[in-house]
Amino acid sequence: MIHQFQKSLQHERDQAEKADWIYREVLKATDIVRFNSDTDSDMLMQRQDIDLLLTIRGTTFKISEKFRDKDYGDLYIEVFSKYPHTKGWMHTGKSNAIIYFTPTSMYWITHNSLIECYEKILLPIIPEVWYQDLHQSQQSICTKKIQINGIETNIQLIQAHNFEGKAWDTIGISIQFEILSKLGVKFKKIKTTFSV
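All values reported here derive from a predicted model rather than from experimental measurement.

Right, let's talk about the packing of aromatic side chains for a bit. Aromatic rings considered in pairs are described by the distance between their centres and by the relative angle of their planes. Counting across every chain of the model gives 10 aromatic pairs. A centroid spacing of 5.9 Å and a plane angle of 45° characterise the contact between Tyr 23 and Phe 101, whose relative ring orientation is tilted. On the criterion of sequence distance, the pair formed by Tyr 23 in helix α2 (residues 16–25) and Phe 101 in strand β7 (residues 97–101) is long-range, its members being 78 residues apart. Taken as a pair, Tyr 23 and Phe 101 share a single burial class, namely buried. Aromatic side chains Tyr 107 and Phe 187 sit 6.3 Å apart centroid to centroid with 50° between the ring planes, which places their arrangement in the tilted category. Of this pair, Tyr 107 sits in strand β8 (residues 105–110) while Phe 187 sits in strand β12 (residues 187–191), placing them 80 residues apart in sequence.

As a further point, take α2. Along α2, the residues classified as buried are Ala 16, Ala 19, Asp 20, Ile 22 and Tyr 23. The arc enclosing the buried residues of α2, seen along the axis, measures out at 160°, which places them on a common side. For α2, the exposed residues set more than 90 degrees away from the buried face come down to Glu 17 and Trp 21.

Next up on the list: the layout of surface pockets. Space inside the second largest pocket adds up to approximately 190 Å³. Lining the second largest pocket, in full, are Val 26, Leu 27, Lys 28, Ile 56, Arg 57, Thr 59, Phe 61, Met 106, Trp 108, Lys 188 and Ile 190. Among the elements of the structure, β4 (59–67), β8 and β12 are those that each provide at least two residues to the lining of the second largest pocket. Of the residues that constitute the lining of the second largest pocket, the class distribution is seven nonpolar, one polar and three charged.

The rules we used
- Residues numbered from 1 in each chain as written.
- Predicted model: local features only at pLDDT ≥ 70, side-chain atom pairs only at ≥ 80, totals over all residues.
- Heavy atoms only, no water.
- Phe/Tyr/Trp six-rings, centres within 6.5 Å; stacked < 30°, edge-to-face > 60°.
- Helix = DSSP H or I, 4+ residues; strand = E, 2+ residues; numbered from the N terminus.
- Buried < 20%, exposed > 50% of the residue type's maximum accessible area, 1.4 Å probe, protein only.
- Arc of directions from axis to C-beta.
- 1 Å grid on protein atoms, 1.4 Å probe; cavity = no way out; pocket = protein on both sides within 12 Å on 5 of 7 lines; lining within 4 Å.
- Points joined across faces, edges and corners; volume = space filled by probe spheres on them.
- Nonpolar A, V, L, I, M, F, W, Y, C, P; charged D, E, K, R; others polar.

Listed below in structure tokens is the structure:
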């Protein structure tokens with residue numbers, strides 16, 4: 001299936017009003033500054049995977065915002081934005097937190113704890129050849145088993161086929177929040193009603 005990048009981007013932008021309501025009503029945010037105008041300064045923030053600044057109780061956070069139409073109980077981590085030469089937000093992101101919306105929940109994920117888990121635990125045990133094999137197969141998803149601290153678990157490798165004047169593939173991994181928690185990733189799950 002071909003992923004239409006501009007359509008996906010517009011879908012995310014359409015969610016902004018609902019997300020802002022949750023930030024104000026649930027998180028009690030006092031200030032929200034979005035970087036979605038496609039100006040040079042906004043694009044500079046976007047390239048660092050920073051979608052907005054969110055001020056809560058006097059502290060301003062740089063937020064990466066993600067939307068998913070179903071809660072699979074896992075986090076998708078973008079390893080390659082354009083395989084094989086352009087790294088994804090896991091490598092290039094500069095946010096303080098990732099806010100991950102599903103239709104029934106909002107996850108607040110501390111970015112530094114995710115980076116530490118990825119760099120120290122996941123990156124060394126996921127062979128580069130797995131990404132190559134997925135890319136060459138042109139499949140969208142495959143399941144792989146990995147050993148973490150002596151425990152065998154499944155991860156999903158996911159490839160999105162993009163087309164917007166030219167084609168490219170985005171590749172990442174998906175791992176259960178339950179496993180991420182055991183690996184020291186700090187996150188909070190907040191129940192919401194958010195239809196994406």
